[in-house]
Every structure is written in structure tokens, then in C-alpha cells.
Amino acid sequence: MLVHLSHPHRQVEIKGPKRTKELLRELNLVIEAHLVIRGDELVTEDEMLADADQIEIRPVISGGSV
Amino acid sequence: MNCTKCPTSMRAVISLPRHNAAFCKGCFTTFVHEQVARAIKSFKMFTPEDRILVAVSGGKDSLALWHILLALGYRADALYVNLGIGGYSEESHRKVRHYADTVAAAHGAKLIVHVVEQEAGAGIRELATILHRPTCSTCGTIKRYQFNRAAVEQDYDVMATGHNLDDEAARLLGNVLHWQDEYLDKQSPTLPASVEGFAKKVKPLCRLSEREIAAYAVVNRIDYIVEECPMAKGSKMILYKEVLNRLETESPGTKQRFYWGFLEKQTKPEPATESMAEKDQRTLHPCQSCGQPTTADTCSYCKMMAKAKTATPR
């Protein structure tokens, strides 16, 4: 599956099928700091992702002055 | 995973371990609206009659806040401060304008824009360099000043910002790590208009995590700027948030207990102070077996040893 990542923008190819939480673990990303979007729909950690899926992993942390 | 709330058990789009729940799109939107409504009520933020000025940046928190307040029927306009950070400011300005034109205008809400470069003659990067100050601190000062000025000059009853649970927990961690207790009073979700010239300030998203707000924006098709501000790279706030997110993953509810626990402590009156020695003298007496101080009749050491002597080995 093609996975789109941000900060910085990049794409990686990951072998499916794979559960969302396994994908995040493989990329060393914390669930609490990311959303996983298939097409334009959010998916939960237990969702099975297929090879044909277009996946975006979107970081949710923003910083700077608070 | 299915929705734990709706009777038809639709497919869940998000699971929230800290609430031991999972929600479908509709139930999640309702959950977010309820959390905001609860914060508004419990911290006496504003009423439906009040005119609210929302500070928007083009990011998920502030646009989601504007969206939620309009959905809940509040009279909320917004102010965008264009900081002059090249392509980043252009893109965030476009996102805010797009939301104002396509969604907010239909609710009768308007967007006010302030361009830093027009008033100061330079963007915040250049100003920070001239002033020898960190960019984030220069930016914070300018935004707080402009938002307050607009709210006061244009007669808004209250100014709302998109600070969320992660922002407040990270800020609290930073203040506690450096024992900056003079800043702790300012961490309340409602700050009164304490003196003439200060607008009342509120944080209606304080019950929601950053991830929940980003999910709300995705579910409700709010087009926000995902790109991180280039000036925020390596900021302490991001480090504190990463640390808290690791703790949250291992122990769901940590951020909420940390920040809400702090707010609860703030509202309770300080108990009468008693020194440690005074407390010990009041509660401790000699163990009836060995004579060492204990709160019980027999101290825990003597109890443990007595049990060890009578227990049969496994």
C-alpha cells in the first residue's frame, strides 16, 4: 500500500494486508499523535488495510507559543 | 470496531481509550459538541447572547472551534492575524478565507484580517531577528495583543482560542518543570476581563485532545493547514507533547488527569497548613510489637514478618 506521510512530505510503500496499529508500529509512530486516513475516511487501530489502499498518516501535534 | 454508542452499531471511525469508547462519524460529532458545551457551561464562558471573537490561524484547532461554535448556534466572528511567514502564511490565510466564505458566511459570521507586515513594516521572522527574541515568543506577543485589541475595540463580549487539552497539559508540564508558579493562575479555561482594556478570554476546547480535534476536522471535512509552522520546529511545547503522548499511550487518561486534576485543585480552598512533624505527632504511635512509630497497632514490618513465619512455602 502507498502511505503518505507529513513533516516532511514523503511516500513509502508498505506490504499489506496489515492492521492500522501494526502499520504505525512498523513506522515507529505513536497512535496518540497521528490519524490514519484511508481514501478520505478515518480508520481505527484494528482496521485491516489492503495492498490496494491509499493511506495518509496525518500528524496531529502542533507547537510553538501557547 | 463498531460504535459503542449508537443502537445500530455503525463502523467506528475513532476509538477513545481514555473514555473506553469508540464512535461512528455521527456519534463522534455529537460527543465533541457535548464536550465543548460542557466546558462552556462549567467554566461560565459565554451565553447565546454574547458576541464571540474566535482567534483563527488556519490550523485544525481554531477552525474546528469556529465550526463547533457556529454549529451550536453561537454568534461567533473570527480574527486572522497574517504573520508574514512566506508560503506558510499565504496557505493558512487561504484556508481561513475559504472556510469563512464557504461555511461561516452562511451563518452570518464574518472574518476580520490583520496583516502584521502592514502595521509593523516586517513579518514576525524579521521582527524577531531585529528584536533578538525567539520567533515563537514574538509571534505570541503580537497575536495576544492584536486579538485583545480587536475584541475590545470592536465590542466583543469574549475572545475564544483553540487551546486544547494537549496544549494546556504541555504548558502545565513546562510550568511545573521550571516551577513557574506565577503562570499557573493563567491556565484556567476562563480568564476574566480583570481590568479595563482586557477582553475576557476562554478556551472551549480544553476538554478535547489534539487528536480528537483533528479527527473532528477530518470527519466534518474542514480544510485546515496540516503543515506545521516552520518556526515551531524543535519547540519545547512539541517535546512536552511528545512526552505526554507516550505516557498517554501507555496509560490512557494521563493528560486529562494531569490538567483536570490541576484545575480541580485550583478551585478548592487551601487546607489549613500542618507541618510534617505536627502531622506525624498527631498520627503516629509506637508499634505494640517492636516500638517503632506506626499509624496502626502493629507496624507493617512486624505484620509482614509474622506472616512470613506462619506461611507455608510454595
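Below is a summary of the structure that appears in this document. Starting afresh in each chain, residues are numbered from 1 along the sequence in its written order. To read the labels, note that chains go from A and ligands from 1, taken in the order they are written. Residues qualify for local features only when their pLDDT is at least 70, as the model is predicted, and side-chain atom pairs are given and counted only at 80 or more; totals for whole chains, interfaces and linings, by contrast, use all residues.

### Quick word on the overall build of chain B
For clarity, the threshold we go by: We count a stretch as a helix when DSSP gives it H or I for four or more residues in a row; a strand needs E for two or more, and each element gets its number in order from the N terminus. Here the C-beta atoms are placed from the backbone, and a residue counts as buried if at least 20 other C-beta atoms lie within 10 Å of its own, exposed if 12 or fewer do, and partly exposed otherwise. Any pair of residues counts as being in contact when their C-beta atoms, constructed from backbone geometry, are within 7 Å of one another.
When you go through chain B residue by residue, the secondary structure sums to 12 helices and 10 strands. For chain B, the spread of C-alpha atoms along the three principal axes comes to 80 × 55 × 40 Å. In chain B, which comprises 314 residues, the proportion classed as buried is 36%. Long-range pairs, those at least 24 residues apart, make up 64% of the contacts in chain B with a sequence separation of at least 6.

### Topic: the pairing of strand β3 (residues 51-56) of chain B
Residue and element names in this part refer to chain B. Test applied: In this analysis, strands are considered paired if DSSP registers two or more bridges between them.
The buried fraction of β3 amounts to 5 of the 6 residues, a majority that puts the element mostly inside the structure. Sheet topology note: the β3/strand β4 (residues 75-82) ladder contains 6 bridges and is parallel. Bridge pairing in β4 places A55 opposite L79. When β3 meets strand β6 (residues 158-160), the two strands line up parallel, connected through 3 bridges. Its bridge partner lying in β6, I52 is registered against V158.

### Considerations on helix α7 (residues 165-177) of chain B
Residues and elements named next belong to chain B. Quick note on the threshold: One less than the number of residues in a helix, times 1.5 Å, gives the span that helix is expected to have.
End to end, α7 covers 18 Å across 13 residues, agreeing with the expected 18 Å (1.5 Å per residue, within 8%). The set of residues buried in α7 consists of L165, D166, D167, E168, A169, A170, R171, L172 and L173. In this fold, the buried residues of α7 make contact with α8 (210-219), α9 (236-250) and α10 (254-267). One or two positions beyond α7, positive phi appears at W179, with a value near 50°.

### Considering the sheet that holds β4 of chain B
Residues and elements named next belong to chain B. Keep this limit in mind: Fitted lines through C-alpha atoms serve as axes, helices being fitted only where they are in contact, and the angles separating the N-to-C directions of these axes extend from 0 to 180 degrees.
Read across the open sheet, the 6 strands follow the order β5-β4-β3-β6-β8-β7; overall the sheet is mixed. Both outer strands of the open sheet, β5 (111-115) and β7 (190-191), are each paired with one neighbouring strand and no more. Sheet topology places β7 next to strand β8 (residues 201-202); 2 bridges connect them, and they run antiparallel. Paired with L191 across the strands is K201, a residue of β8. Against the sheet, helix α2 (residues 60-71) engages β3, β4 and β6, with an angle of about 155° to β3.

### What about the interface of chain A and chain B?
Our working rule: Residue classes follow a fixed rule: Ala, Val, Leu, Ile, Met, Phe, Trp, Tyr, Cys and Pro count as nonpolar, while Asp, Glu, Lys and Arg count as charged, and any other residue, Gly among them, counts as polar.
On the chain B side, the residues contacting the 21 residues of chain A number 33 residues. Of all elements in the fold, only β4 (34-38) and β5 (41-42) of chain A reach the threshold of two or more residues within the side of chain A that touches chain B. In terms of residue class, the side of chain A that touches chain B is made up of 9 nonpolar, 7 polar and 5 charged.

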